[in-house]
Amino acid sequence: MTTIFEGTFERTLDTMLATYGKEAARGTRLEAWLFDDRESRRAAEQKLGAFGVEAKLRSAYKPLLHFFLEEIDRKALKRVDIRYPQAENCPANRFLLEAYPLAALVGDAEIVFVGGSDTALTYDVALTFADGRTEAHTVFAPNRQHTDFIGETLLSPTGWVRLDDSSSKRRECHLETDYERLFAGAMRAIAEHGWGDSEPYFDELNIRATLPINDLQLPVGEEVVSLREAMHEDFYFSLLEVFQKKSGRPLGDRGLKPGQIVPEIVFADGKPTVRVETRLLATTDADGEIQPLDTAQAPLAVAQIHAELEKIEGQPFQAHSRAGRPVKARYHKGTDAAVMISGGQHPNETTGIVGALRAAQTLATLPGTHFTISPLENPDGYAVHHRLRADNPLHMHHAARYTALGDDLEYRAGAALNERAIRNEAEALSGAELHVNLHGYPSHEWTRPLSGYVPRGFAMWTLPKGFFLIMRHHADWEARAEQLIEAVTARLATVPGLLAYNDQQIALYETHAGETGFRIINGFPCMISVDDRHKAPLTLITEYPDETIYGDAFVAGHGAQRETVLAAYEAFQSMMAVA
């Protein structure tokens, strides 16, 4: 274990209280934008008010959303017109995305967004109330242009302060907050550390930070405003980018093997702290109580995944992860055309694991069925997800996405295949020409506020847009790919509530991000493309917004995954019988 960096940071709110919470500051008007929760900002305002300081402390993160949540009677609104800023070094819809999910928080009021505000980094807001009143507001969105840790120029949310005091002259400037300083200090230490020249650079790189910032759950689906989650995402993907650059790989290269990067960003009162250290790989498994599979309310314990797999008649086969955990699978041989079923490639996408098991158990009861099933392909990532959920159960936890080597197992090549070997063996045993690969994506907004806000390389995933499908096929299998996706979506359209769920999410997505860019087939967004990387000529990938959901939402998620497998299996048999 080696400590790379350790630091404690004076809380920006405490610095403000020390500076202006005294009699000499009486009469000062102070306005600031900070990375703090509402309760902390309001408490500081009251303390400053006791000294005659008129303070308004706003959120630097998603300022327009917080303006409506904290300062506007949304129930009284009839119409909302917003002109959002547009700027260089960021996507044209960046500030529209930052307003998400405002359109779902104004009740029946009409809301209209138009790009191009009068003043830089400022929203122009016109409100019409049900009683006929009108109001006009400007909402400042402080940002700074900066160079990140891989040399890219970004425009990112930042702290800001405006001050009117006895000099009768308003002053304002950028304010580097505790949140920003913690991130920058840890990132700089990691980027400058001597990691050697060969991958992997470590077993586990652990970044444990404590922040006195509470999450805010919103009354919209699974939406949550979380600066702790945002910092997890910023650390994880920023470090992947740093190591991609160090290795000479292109940005976004999923074959990078730096080791397991684990940001643990937890709540704690007091000053923000961070400790960065290397650790040995953990080898314990995700545990928990046994759940009825068909109505499982939460991700399964590993022991139950293995037990449910053993209920499926067939030939067992397995591989091993970097940390030595088994990757277990079954080959159920029959007379049908073979299909590969997999889940848990990205194990923070948890509904696919349950859906794969449920579908395979159903198929195993039918005559002639022929398939392989590997429900948990990345057990090292699943263990990280279980560990992180203990502190932050609702976060998306992308640190659990890749393997303990730090790569995406689908892109692994070479002699040491580890987890990737399970697919090679499935292909060799079955000769399957269809692979149904169950995945998920964030159930609520995904941001990187300290690195340009929109997740670099993942812009299409930043907002949930319902259950959608990706169809990849060899060039000469295009007609059969179209036939399969038509049949699967037609069957999914009969699942109670699923189309309505999609319609609601797609409508909110289009308001805050624009067109989905997907083909809509029978009510489901779909992407269909030629891809010759895979041995199987057809690969159907599901994407359910499941990071991280529980209860009835989780049941609906793994139910949709199960139905997709069964629909694809049935449609594939019909196709191959004709062929």
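Residues numbered from 1 in each chain as written. Predicted model: local features only at pLDDT ≥ 70, side-chain atom pairs only at ≥ 80, totals over all residues. Heavy atoms only, no water.

**Focus: the side chain of H435**
We count it as follows: Numbering of helices and strands runs from the N terminus; a helix is a DSSP stretch of H or I covering at least four residues, while a strand is a stretch of E covering at least two. To sort residues, take the accessible area from a 1.4 Å probe on protein chains only and compare it with the maximum for the residue type: under 20% means buried, over 50% means exposed, and anything in between is partly exposed. Definition of a polar contact: a pair of N or O atoms within 3.5 Å, with one able to donate and the other able to accept a hydrogen when the atoms are protein atoms, and with sequence-neighbouring residues admitted only if both atoms are side-chain atoms. The contact definition used throughout considers only heavy atoms, calling two residues in contact when any of these lie within 4.5 Å.
Checked against the element boundaries, H435 lands in strand β21 (residues 434-442). Accessibility expressed as a relative area gives 6% for H435, which makes it buried. A distance of 2.7 Å separates polar atoms of two side chains, one belonging to H435 and the other to S342. The contacts of H435, once residues within four sequence positions are left out, are M340, S342, R423, A536, L538, T539 and L540.

**Description of the sheet that holds strand β19 (residues 339-342)**
To keep things clear, this is the line we draw: In short, DSSP must find at least two bridges between two strands for them to pair. Comment: axis = line fitted to C-alpha atoms, over the contacting stretch for helices; angle = value between 0 and 180 degrees taken between N-to-C directions.
The strand order β17-β18-β20-β19-β21-β25-β22-β24-β23 describes an open sheet built from nine strands, whose pairing is mixed. Sheet topology places β17 (315-320) and β23 (519-521) at the edges, where each strand pairs with a single neighbour. Here the strands of the sheet are splayed against their neighbours by 25° on average, with no regard to which way each runs. Sheet topology note: the β19/strand β20 (residues 371-374) ladder contains four bridges and is parallel. Looking at the pairing, M340 lines up with T372 of β20.

**Things to note about the pattern of salt bridges**
Two side chains with opposite charge may pair up if their charged atoms get near one another. Applied cut-off: The salt bridge criterion pairs a side-chain nitrogen of Lys or Arg with a carboxyl oxygen of Asp or Glu, the two atoms within 4 Å.
Evaluation of the coordinates by the stated rule reveals 53 salt bridges. Among the salt bridges present, the one from R228 reaches D215, with a minimum N-O distance of 3.4 Å. Of the two residues, R228 is situated in helix α6 (residues 227-247) and D215 in the loop between β12 (204-211) and β13 (216-217); the sequence distance between them amounts to 13 residues. Via salt bridges that share partners, E6, E204, R208, E264, R275, E277, R279 and R387 belong to a single interconnected network.

**Examining the sheet that holds strand β2 (residues 29-34)**
Pairing in this open sheet of four strands is mixed, and the strands run β3-β2-β10-β11 from one edge to the other. The open sheet terminates on both sides in strands that have one partner only, identified here as β3 (54-59) and β11 (171-175). Strand-to-strand twist in this sheet, taken as the mean axis angle between neighbours without regard to direction, amounts to 10°. Relative to β11, strand β10 (residues 159-164) runs antiparallel, the two sharing five bridges.

**As for the environment of A126**
Relative to the assigned elements, A126 resides in strand β6 (residues 122-129). On the accessibility criterion, A126 (33% relative accessible area) is partly exposed. Sequence separation between A126 and V384 is 258 residues, and the spatial gap between their C-alpha atoms is 46 Å. Sequence-distant contacts of A126, defined by excluding residues within four places in its chain, comprise R79, V80, D81 and E135.

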